[in-house]
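Analysis of the macromolecular model
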Amino acid sequence: MWTCIDYQLDFLAFTACCAAGLFGLLRMGKRCEGEKTAFRACLLTTSILLFCGHRYVQMVDADQRCNLINQMSAFATTYAGETEKLGHASIPNDVTTDDAHYQRLLEAQLRWLRANTLISDIYTMRRTDDNRTLLLIDSETDYDRDGHIDEELEARTIPGEEYDGFDSGTPAKAFNEALSGLPAFISVPYSDQWGLWVTALHPMHDQHGRVEAVLGVDFPAAVWGRQIFNARLSVIGILAVIESILLASAAFATLTRFHLKQQQFAANRLQQFKTTLDQTLDSVFMFRPGDFRFIYVNEGARQLLGYSEEQYLQMTPLDIVPGFSNDDLQKLTRPLTEGTHQLFTFETTHRHINGHEIPVELSLQFVHQSTDTPRFVGIVRDISERKKIEKELMIAARLDRLTGLPNRALFHDRLKLYIERTRQVPGYQFALMFLDFDRFKVVNDSLGHDVGDALLREIAVRLRDNLSTTDSISTLADGTTVSRLGGDEFVVILDDIDGPEAACQSASHLISALGEQYQLGDHAVRSNASIGIVCSHVRYQRPEDMLRDADTAMYEAKARGKACYVVFDDSMREAAQQRQQTETELRSAIGTEQLSVVWQPIVSLEDGKLHGVEAIIRWDHPTRGMIPPEEFLPIAEETRLSLPLSDWVMRTACAQFVDWHLQHVEEAPRYVSINLSERQLMQDHMADHIIQILNSYGMKPQQLQIEVTESEIMAHRVAAGEVLHALSQAGIRLAIDDFGTGYSSLACLQEFPFTVLKMDRTFVANLNDGHDVIAVAHSVVTLAENIGIACIAEGIEDPVQLAVLQSMNCGYGQGNFLCPPGTAEEIALAPWKHCHDLVAELIAPAEPECEVPSMAWRAFIGLED
């Protein structure tokens, strides 16, 4: 710890103490109303003291260091001469500890050490021809940091042991200087494996006068530092006494000046207090603890209630607080007088001299200073304006800012009242309608949020205009029954209806009114409403349950084609619960053996050969059995499960397709066709993800066909276009599925790089219905042929459909008649080959004059008796 003297930490500590004292004096001055005169004088004096004191401490430090260096150098010179006389030069480098000459030199060193207790170690070192430093004779008296001999460190050094403590830095420079014949001193403490030291080095000569070794005298750095520190401490102690006297004098002067100022301030405070209270906007009342008689009121109190000061002095708080008794006042003030409470703040009312009541906020406390009369002090603030604003904010907080309709919170409270009325009033009925607007998202995304907000405001206006008086929303009275829950969701409560028929009539009327065209600036838009209706029933205990069932009925209305209404029944709740259960079980089934992929062949209608296969997912539920895709795929799309599910299908299909090619190269299909979900089209970098899957399984791009429907593309046109063009550039086949069912099918063929057209199964299923359906199907086949893409007919279920499609030169087909979906092993058995002969027979020329196969033509080909 004593080596800190080399870094001047002792004087820095003294300076820090002076700074702390000055800082405390400054803080005292600030608390004493900014009294800084004594602080400034003390700061100047302390600065001079520190400057002069630092110079004197440095002078004492230098003198003490010089004395110590001279003392150790004298020791080293004496010891070196004595060691030379004892014949140190004759000691070889490999001397052993039992050598008599070595023992005499070691005993001499120990005698010198006993005679000079401040010295830690005396040793001799010699530099070899190979530039190594060897310790020859070392007394090895090791000291700890406090300057005491450390028995644990004490260990005898082997003669001739190599020592690297003087190989670098300041020790190396001093050692080389001693080898050159000049005494050296290492005054900066250095460390080695035995401790921290300062050292005097002196050259040792042989009989020819040459330097043959160096004698070192170690002085523990701790002892060295303590000697210097003691010298410096004596000076710093004197400086500390002087600084303490300065600080104490300055503090006394500061407090004295502050006390004089306080006396002057106290003389004026009493007069200023009364003047201030009269000028404050708040009302101040003071009354006695015993009889509660007012003893002082300010000007604000007189203006607040209209009483004069003389009238107040004859009154008590009971005269201005309506409905407040003496017992109430006793109970209110008792905690203040007993000291359990310091302050009460509450809202109450005060009676004006004219009789009307004013809402106020009262802060009441008890003042009982020993030098003054005990009294209650009440500060009163008129909060009439605040109460008015709070009422307005409460109303605004329960209304939707965009439409002005009641928001979810107000609607929830109102619905709760209606439910309670159902249980309390016999025969009372009401209905809840849940409205959701179709195509609102399209309007919002295509025309912007401003147009979407304008549409919502117009919807609110039409709701107001098309409801009866009891269902209006013009006020916050009992008839407030229309609310906007959020987004494009609105709810309406039909109050006091005769039955469900009345609710259906109102819903039909609203659908007609809300479905009319909206003129929103330069834009004319339409947005029909889907309405779910639930009628009141005593089983409903909570608003959430009734709102849930209305929402379920609304989704059923959307499923039935939108722009209609549906009245809720219990089967819908069961269906909703079933959907929820299906979602939960599907989430757990992904990646398990419950899900599997089967294949449906895509067959050439020209020669009956296998062309490709479509991957179809199957769910074998452990308790419900085989669940068809049309039951769980829509749920997966709604809940975003379609993303992990579709990814699993694609990876599984690619893996099985590769295995199929490895095991049955000649009979394997050319490509596998996989459906891309709507959510996949919306994902960034989906094309890169698909290509990465292909590469991971070693598939070529042309071995994969991606199927998408027109509705999926048009719902996300920009995102879908980026994905489809990226897949096409990579060489992946693209097929438009369910072609002909939408109004933009032709536009899709022109805008997107499709190579395959899949005719919707509804055309194939209705080929027996007459000339019109066949003409439409034929136009689809011709269209595909004209633009140079393949045409695949889906859903071929009987030979008649197959024959008609062949007569149209449709290239490819798939369906249960050709081959039902199956595993790769089942399809490897070529079940479609039985169709090859039938295909060959159906290729026979039909009646040329018949565009539609006649009954005779069907009998001719053997399809009818």
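As shown above, the structure is provided for reference.
An account of the accompanying structure is given in this report. The structure displayed is predicted, hence computed values, not measured ones. (Residues numbered from 1 in each chain as written. Predicted model: local features only at pLDDT ≥ 70, side-chain atom pairs only at ≥ 80, totals over all residues. Heavy atoms only, no water.)

This part is about the overall build of the protein chain. Of the regular secondary structure elements, the protein chain holds 28 helices and 27 strands. Sorting the 865 residues of the protein chain into buried and exposed places 45% on the buried side. For the protein chain, the computed accessible surface area is about 44,300 Å², with 53% contributed by carbon and sulfur atoms. (Helix = DSSP H or I, 4+ residues; strand = E, 2+ residues; numbered from the N terminus. Buried < 20%, exposed > 50% of the residue type's maximum accessible area, 1.4 Å probe, protein only. Areas by Shrake-Rupley, 256 points an atom, 1.4 Å probe, with all protein chains shown as cover.)

What follows is about unusual backbone geometry. Its identity as a non-glycine residue notwithstanding, aspartate 496 has a phi of 55 degrees, on the positive side. The residue aspartate 496 is located in the loop between strand 14 (489-494) and helix 13 (500-514) in this model. Although it is not a glycine, alanine 563 sits at a positive phi angle of roughly 55 degrees. Residue placement: alanine 563 occurs in the loop between helix 14 (543-559) and strand 18 (565-567).

Before going further, it helps to spend a moment on the packing of aromatic side chains. Tallied over the full model, the rule gives 18 aromatic pairs. Considering the side-chain rings of phenylalanine 285 and phenylalanine 294, the 5.4 Å spacing of their centres and the 45 degrees angle between planes classify their relative orientation as tilted. A residue is classified by how much of its surface remains accessible, and phenylalanine 285, at 4% relative accessible area, is buried. For the pair phenylalanine 437 and phenylalanine 490, a centre-to-centre distance of 5.8 Å together with 85 degrees between the ring planes defines the contact as edge-to-face. Taken as a pair, phenylalanine 437 in strand 12 (residues 431-437) and phenylalanine 490 in strand 14 lie far apart in primary sequence, 53 residues in all. (Phe/Tyr/Trp six-rings, centres within 6.5 Å; stacked < 30°, edge-to-face > 60°.)

The tendency in soluble globular proteins is for nonpolar side chains to be buried side by side. Ranked by size, the top nonpolar core spans 74 residues in total, and within it Trp599, Val672, Ile690, Ile706, Phe754, Leu757 and Leu805 carry the most contacts. With eight residues, helix 17 (residues 642-663) is the largest single contributor of residues to this core. Excluding anything up to four places from it in sequence, leucine 757 contacts Ile736, Phe739, Leu749, Val780, Ala784, Ile789, Ala790, Cys791 and Ile792. Ranked by size, the runner-up nonpolar core spans 31 residues in total, among them Val443, Leu456, Ile459 and Phe490. (Core = buried A, V, L, I, M, F, W, Y, C linked by side-chain atoms within 4.5 Å. Contact = heavy atoms within 4.5 Å.)

Next up on the list: the sheet that holds strand 13 (residues 482-486). Overall, mixed pairing links the five strands, which are arranged 13-14-12-17-18 in an open sheet. A single partner strand is all that each edge strand has here, and the edge strands are strand 13 and strand 18. For this sheet the average axis-to-axis angle between neighbouring strands, irrespective of direction, equals 20 degrees. Along the sheet, helix 14 contacts strand 12, strand 13, strand 14, strand 17 (529-535) and strand 18; its crossing angle with strand 17, the most-contacted strand, is approximately 140 degrees. (Pairing = 2+ DSSP bridges. Axes fitted to C-alpha atoms, helices over the stretch in contact; angles between N-to-C directions.)

Across the sheet, five strands lie side by side as 8-7-11-10-9; this open sheet has antiparallel pairing. For this open sheet the edge positions go to strand 8 (294-297) and strand 9 (344-351), each flanked by a neighbour on one side alone. Neighbour to neighbour, the strand axes of the sheet diverge by 30 degrees on average, direction disregarded. Sheet topology places strand 7 (residues 283-287) next to strand 8; three bridges connect them, and they run antiparallel. Paired with phenylalanine 287 across the two strands is phenylalanine 294, which belongs to strand 8. The strands touched by helix 8 (residues 326-338) within the sheet are strand 9, strand 10 (357-367) and strand 11 (375-382), with strand 10 carrying the most contacts at an inclination of about 30 degrees.

Taken together, the side chains of Arg27, Lys30, Arg31, Lys36 and Arg40 present a region of like positive charge at the surface. When residues in the positive patch are grouped by element, the largest group, three residues, is from helix 1 (residues 9-31). Mapped onto the elements of the fold, arginine 40 is located in helix 2 (residues 37-85). You can call arginine 40 exposed: its relative accessible area is 54%. (Patch = residues over 30% accessible without salt bridge, like charges linked within 9 Å, V, L, I, M, F, W, Y side chains within 5 Å. Salt bridge = Lys/Arg side-chain N within 4 Å of Asp/Glu carboxyl O. Lys, Arg positive; Asp, Glu negative; His and termini not counted. Charge placed at Lys NZ, Arg CZ, Asp CG, Glu CD.)

Each packed pair of helices is defined by two parameters, the angle between the axes and the distance between the axes. Here helix 17 crosses helix 19 (residues 686-697) at 30 degrees, and the two axes come no closer than 10 Å. When the axis of helix 17 is compared with that of helix 19, the two are roughly parallel. Handedness of the crossing formed by helix 17 with helix 19: right-handed. Across from Asp647, Met650, Arg651, Cys654, Ala655 and Val658 in helix 17, the residues of helix 19 making contact are His689, Ile690, Ile693, Leu694 and Tyr697. (Parallel < 35°, antiparallel > 145°, perpendicular 65-115°, else oblique. Left-handed = near helix turned anticlockwise from the far one by under 90°.)

So, on to the packing of helix 15 (residues 570-589) against helix 16 (residues 629-638). Look at helix 15 against helix 16: their axes get within 10 Å of each other, and the N-to-C directions meet at 80 degrees. Relative to helix 16, helix 15 is oriented roughly perpendicular. Only Phe632, Ile635, Ala636 and Glu638 of helix 16 make contact with helix 15, whose side of the interface consists of Arg579, Thr582, Glu583 and Leu586.

The subject of this paragraph is the environment of leucine 704. Of note, leucine 704 is situated in strand 23 (residues 704-709). Here leucine 704 falls in the buried class, since its relative accessible area comes to 0%. As for leucine 704 and valine 672, which are separated by 32 residues in sequence, their C-alpha atoms are 5.2 Å apart. Ignoring anything within four residues of it in the chain, the contact list for leucine 704 reads Tyr671, Val672, Ile674, Ile690, Leu694, Ile732 and Arg733.

With that settled, the discussion passes to helix 11 (residues 440-447). Buried residues of helix 11: Phe440, Val443 and Asn444, and no others. In an axial view of helix 11, the angular spread of the buried residues amounts to 95 degrees, which keeps them on one side of the axis. Of the exposed residues in helix 11, those oriented more than 90 degrees away from the buried face are Lys441, Asp445 and Ser446. Buried positions along helix 11 lie against strand 12, helix 12 (449-465) and strand 16 (523-525). Directly after helix 11, the chain includes glycine 448, whose backbone phi takes a positive value near 105 degrees. (Arc of directions from axis to C-beta.)

On to the pattern of salt bridges, then. A full pass over the atoms with the stated rule returns 24 salt bridges. We note a salt bridge from arginine 421 to aspartate 495, for which the minimum N-O separation is 3.9 Å. With arginine 421 in helix 10 (residues 408-424) and aspartate 495 in the loop between strand 14 and helix 13, this pair connects stretches of sequence that are 74 residues apart. Of the residues examined, arginine 421 reaches a relative accessible area of 22% and is grouped as partly exposed. Here aspartate 549 ties to arginine 548 by a salt bridge, and the two come within 3.2 Å at their closest N and O atoms. Taking the relative accessible area as the measure of exposure, arginine 548 reaches 40% and is therefore partly exposed. Each of Glu347, Glu361, Arg386 and Lys387 takes part in salt bridges that share partners, so that together they form one network.

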